[in-house]
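# Secondary and tertiary structure notes
These are the residues of each chain, in order.
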Amino acid sequence: MALTDVTHDAQDFAPPAEVEEAEVYHPKTWLGKYVFSQDAKIIALQYSITAMAVGLLALVLSVLMRVQLAWPGAVSFITPDAYIQFVTMHGMIMVVYLLTALFLGGFGNYLIPLMLGARDMVFPYVNMISYWIYLVAVLILLASFFVPGGPTGSGWTLYPPQAILPGTPGSDWGITLMCISLGFFVIGFTMGGLNYVVTVLQARTRGMTLMRMPLTIWAIFTATVLALLAFPALLVSAIMMSLDNLLGTSYFMPAIISLGQQLDHSGGSPILFQHLFWFFGHPEVYIVALPAFGVISELISVHARKNIFGYRLMVWAIVVIGGLSFIVWAHHMYVSGMNPYFGFFFATTTLIIAVPTAIKVYNWVLTLWQGNIRLNVPMLFAIGFVFTFINGGLTGIFLGNVIIDVPLSDTYFVVAHFHMVMAVSPILAVFGAVYHWYPKITGRMLNEGMGKFHFWMTFVGLYCIYYPMHYLGILGVPRRYFANAGANGLPDWFPESAQMVNVGITIAAIIVASVQLVFLYNLYYSATRGKPAGGNPWGATTLEWQTADTPPTHGNFGKELPSVYRWAYDYSVPGAEEDFIPQNVPAGKGTGHAS
Amino acid sequence: MSIFSTLSTKPWVAERGYVSDSHGFGLPTARVFLSVFLGVVTAIFGLLTAAYFIRMTYADWQPLPVPALLWLNTAILILSSVALQWARTSARHQQADRVRRGLLAGGALAFAFLVGQFLVWQQLGSLGYFVDTNPSNSFFYLITGLHGLHLLGGLVAWLRASLRLWRGAETDKIRMSVELCAVYWHFLLLVWLVMFGLLLVT
């Protein structure tokens, strides 16, 4: 089909939509502008900063865990109880309070209105409340470090009965605070999530059809829908567990003897909790992964100066992955004693997910093929993501099979797998996105040299951490163990070389963690002393780069909202004057196709 | 345009260089917001129902006797929904007086329903059916509690609409609020009927 096969008259050009200034709420006080702001961009920064702050804490916890594993007993305050508390808090913070909040609350808030040509979210007030409830959730979570008994040590999965039995650290206060904090998080998130979904459905600017939306928005939109449907499962299980814990009901608690005493509970089903938890927990993986997919599609297309390969398939793959993610949850429960046919079903659906995911990977690679690749920092992180995601995805195919999962379950192989696929990959996407959009947020570029140092140290370092873990897992080293008993802190079967691997991993972890300080310094340094970026430093087509001001002011687009004339990936169009045509440029005028 | 034809357009050729007016649905934004929210609430009660069925199969489950008062409460909730529906149609026909009466009756009946549910709790408590006596009781308290909380949230929206009406707002201005209240009420009625049915058949 020719590029010029459209036959429209000139009057089809619609004049830009004029929107009254009155539509945007303008705060008058400093407090209303920067603290209790209803501007999605400020809310996005609040979300991001809070999430990164609490994420740093989780990073420190992981380093402490690694220190204990490499040099058992070297740090006196890392007791067995403290260790398992660190494991729990590290997992929960990273998955829920960092990645979910950062991708949806941070990137979602910043990018959805800007990329769609909207003035703001449709319900700015609800959006603001969403952040403050999230903050309360974070504070409650942090408060659990300071209550008697400390935070819960039941693992991020919070499995009952052990989560609420005496003997598990934090069984008196920690688990209660955890459940309350999660409850607040879900309520706050639902307020934000409703906003993201309705904004995408309702507030797109003129000409922004669904299939002209950037893939980042498709991905964040789908992830938000998943979250809205999956978080209720977490909410319900947190409520039921709290009732078991505080009021003595028996939803999940079986008859049990604890510390020599028969408890009042009877007949409850711990497996029921696992089903509810993983009905949330598995979509959660894609809540984190889908926005990463979207961001990577954007970065690869922009920095390879080439339209994204297979846009429609990319959209369909996002939607299909979202749908499938709700029928694979029990692959987390293969060792819980399930009917073999049940396991067979979930193994099948799990492996089917590899198909749309592989389509996405092929499309990224094919977008790079013969592109005009610019190896700047965002692109490095994007390519790093593709590598890491393939690695993590492949071990997922191993673990998706019941017969391979059963022996590998609860070993470091699982730890390596899920860190590769849903910790390292998304965080590489986060870094890439920050380097990419920082110029829009602050008006200045991040320092390239520090960025490249950050990338290579992080990327290589992460492989030094997680590749050896696969080996430890195949060796049979169990996860969550404080120390392996025996002479020299090691069991008989544990070869000395494996402990050396442990030491090596820890050294790499310490280096990678320290390198993140360079990133933070770069964020701080470049905000005032970075190279001025101008409005569109990367030559990107999407609407957020076409704003009148950089950083965009409240209301995003000045007096006139842009109209959208084309899809988001018009890069290197044959015959066009420049190698990109922004979405708001009509036909004619050097676009390579006639008006 | 159906969702399938939307998803199969080729954005790199279709209408390139031209604006199309397809952006957003024809529905009012508040309406879309409510619909998505109802999806979330459906997920909550759907999951509770699933958990109910799973937990029911365990040996210690003893069905809860159904207090007769629940039938009365159900009737009250139905009437409340009917009243709000009446207010909704009257708002469409600009009959301010009827909107006022319908809204008031709907809210009062919903409040009566909540009081009734509380009395049911008290009754069950005085008969020794506490929340931790049996899993069937636990589920009953949990489901009625969550349902009541959702209705309470609805009453906040109802109160805002009513206050605006009493302060002399035009019927046109609050038509959307009345409409959304009515839809939300019907939805919660449906949820209640399903939950009540669940209690009756098990």
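Residues numbered from 1 in each chain as written. Chains lettered and ligands numbered in written order. Predicted model: local features only at pLDDT ≥ 70, side-chain atom pairs only at ≥ 80, totals over all residues. Heavy atoms only, no water.

### Overview of the overall build of chain B
Secondary structure summary: chain B contains 6 helices and 0 strands in total. Secondary structure elements of chain B, listed N to C terminal, follow the sequence α-α-α-α-α-α. In terms of overall dimensions, chain B is more spread out than a globule: its C-alpha atoms have a radius of gyration of 21 Å, far above the 17 Å expected for 202 residues. Each of the three principal axes of chain B carries a C-alpha extent, and together these read 70 × 45 × 20 Å. Buried positions account for 49% of the 202 residues belonging to chain B. If you take every contact in chain B between residues at least 6 apart in sequence, the share linking residues at least 24 apart comes to 81%. A total accessible area of about 9600 Å² is found for chain B, and carbon and sulfur atoms account for 68% of it. Between the centroid of the 14 positive side chains of chain B and the centroid of its 8 negative side chains there is a distance of 4 Å. (Helix = DSSP H or I, 4+ residues; strand = E, 2+ residues; numbered from the N terminus. Rg over C-alpha atoms; globule rule 2.2 N^0.38 Å. Buried < 20%, exposed > 50% of the residue type's maximum accessible area, 1.4 Å probe, protein only. Contact = heavy atoms within 4.5 Å. Areas by Shrake-Rupley, 256 points an atom, 1.4 Å probe, with all protein chains shown as cover. Lys, Arg positive; Asp, Glu negative; His and termini not counted. Charge placed at Lys NZ, Arg CZ, Asp CG, Glu CD.)

### Brief notes about the overall build of chain A
Helices and strands together make up the secondary structure of chain A, namely 14 helices and 2 strands. A compact globule built from 595 residues would reach a C-alpha radius of gyration of about 25 Å, and chain A, at 25 Å, matches this within 12%. Dimensions along the principal axes, computed over C-alpha positions, put chain A at roughly 85 × 50 × 50 Å. Across the 595 residues that make up chain A, the buried fraction comes to 62%. When contacts within chain A are restricted to residue pairs at least 6 apart in sequence, those whose partners lie at least 24 apart make up 78%. Of the roughly 21900 Å² of accessible surface on chain A, a fraction of 69% belongs to carbon and sulfur atoms. When the 23 positive and 27 negative side-chain charges of chain A are each reduced to one mean point, those points stand 8 Å apart.

### Observations concerning the packing of aromatic side chains
Residues and elements named next belong to chain B. Taken as a whole and assessed by the stated rule, the structure comprises 61 aromatic pairs over all chains. Here Tyr52 and Phe139 contribute two aromatic rings whose centre-to-centre distance is 5.4 Å and whose plane-to-plane angle is 75 degrees, an arrangement assigned as edge-to-face. Separated by 87 residues along the polypeptide, Tyr52 in helix H2 (residues 29-56) and Phe139 in helix H5 (residues 135-166) bring together distant segments of the chain. Across the pair, exposure class does not vary: Tyr52 and Phe139 are buried alike. For Arg100, the ring lying beneath its charged end belongs to Trp166, and the centroid distance is 5.7 Å. (Phe/Tyr/Trp six-rings, centres within 6.5 Å; stacked < 30°, edge-to-face > 60°. Lys NZ or Arg CZ within 6 Å of the ring centre and 35° of its normal.)

### Considerations on the pattern of salt bridges
Residue and element names in this part refer to chain B. Under the definition given, this model contains 12 salt bridges over all chains. Between Glu179 and Arg31 there is a salt bridge, with the nearest N and O atoms lying 3.7 Å from each other. Of the two residues, Glu179 sits in helix H6 (residues 171-201) while Arg31 sits in helix H2, which places them 148 residues apart along the sequence. Across the salt bridge formed by Arg92 and Glu179, the nearest N and O atoms sit 3.7 Å from each other. Note that Arg92 is positioned in helix H3 (residues 69-92) and Glu179 in helix H6, a separation of 87 residues in sequence. We classify Glu179 as buried; its relative accessible area is 9%. (Salt bridge = Lys/Arg side-chain N within 4 Å of Asp/Glu carboxyl O.)

### Here we look at the domain arrangement of chain A
Residues and elements named next belong to chain A. Each assigned domain of chain A is listed with its residue range as follows: domain 1 (40-250) and domain 2 (550-595). For domain 1 versus domain 2, the distance between C-alpha centres works out to 37 Å. Between domain 1 and domain 2 the total buried area reaches about 1300 Å² when both faces are included, carbon and sulfur atoms providing 48% of it. Three residues stand out in domain 1 for area buried against domain 2, namely Lys41, Arg119 and Arg212, and they jointly supply 45% of the buried area on that side. The interface formed by domain 1 and domain 2 holds 0 salt bridges in total. The greatest single-element share of the side of domain 1 that touches domain 2, amounting to 3 residues, is contributed by helix H3 (residues 80-116). Residues of the side of domain 1 that touches domain 2, tallied by class, amount to 7 nonpolar, 3 polar and 5 charged. (Domains from an automatic or database assignment. Buried area = accessible area lost by both parts, 1.4 Å probe. Nonpolar A, V, L, I, M, F, W, Y, C, P; charged D, E, K, R; others polar.)

### Some points on a nonpolar patch on the surface
All names here are of chain A. On the surface, Leu351, Ile390, Leu394, Ile397, Phe398, Ile403 and Ile404 cluster together to form a nonpolar patch covering roughly 610 Å² of accessible area. When residues of the nonpolar patch are traced back to their parent elements, those giving at least two are helix H10 (377-400) and helix H11 (402-408). Of the residues forming the nonpolar patch, the biggest block, 4 residues, is contributed by H10. The topology assignment puts Ile403 in helix H11. (Patch = residues over 30% accessible without salt bridge, like charges linked within 9 Å, V, L, I, M, F, W, Y side chains within 5 Å.)

### Some words on the environment of B:Phe113
Locating B:Phe113 in the fold gives a position in helix H4 (residues 96-126). For B:Phe113, the contacting residues outside a window of four places in its chain are B:Asn73, B:Ile76, B:Leu77, B:His147, B:Leu151 and B:Trp192.

### What about the side chain of A:Arg119?
Residue and element names in this part refer to chain A. Structurally, Arg119 is set in the loop between H3 and helix H4 (124-143). On the basis of relative accessible area, Arg119 is assigned to the buried category, the value being 8%. A polar contact is formed between the side chain of Arg119 and the backbone oxygen of Lys559, at a distance of 2.9 Å. (Polar contact = N/O pair within 3.5 Å; in protein donor to acceptor, adjacent residues only side chain to side chain.)

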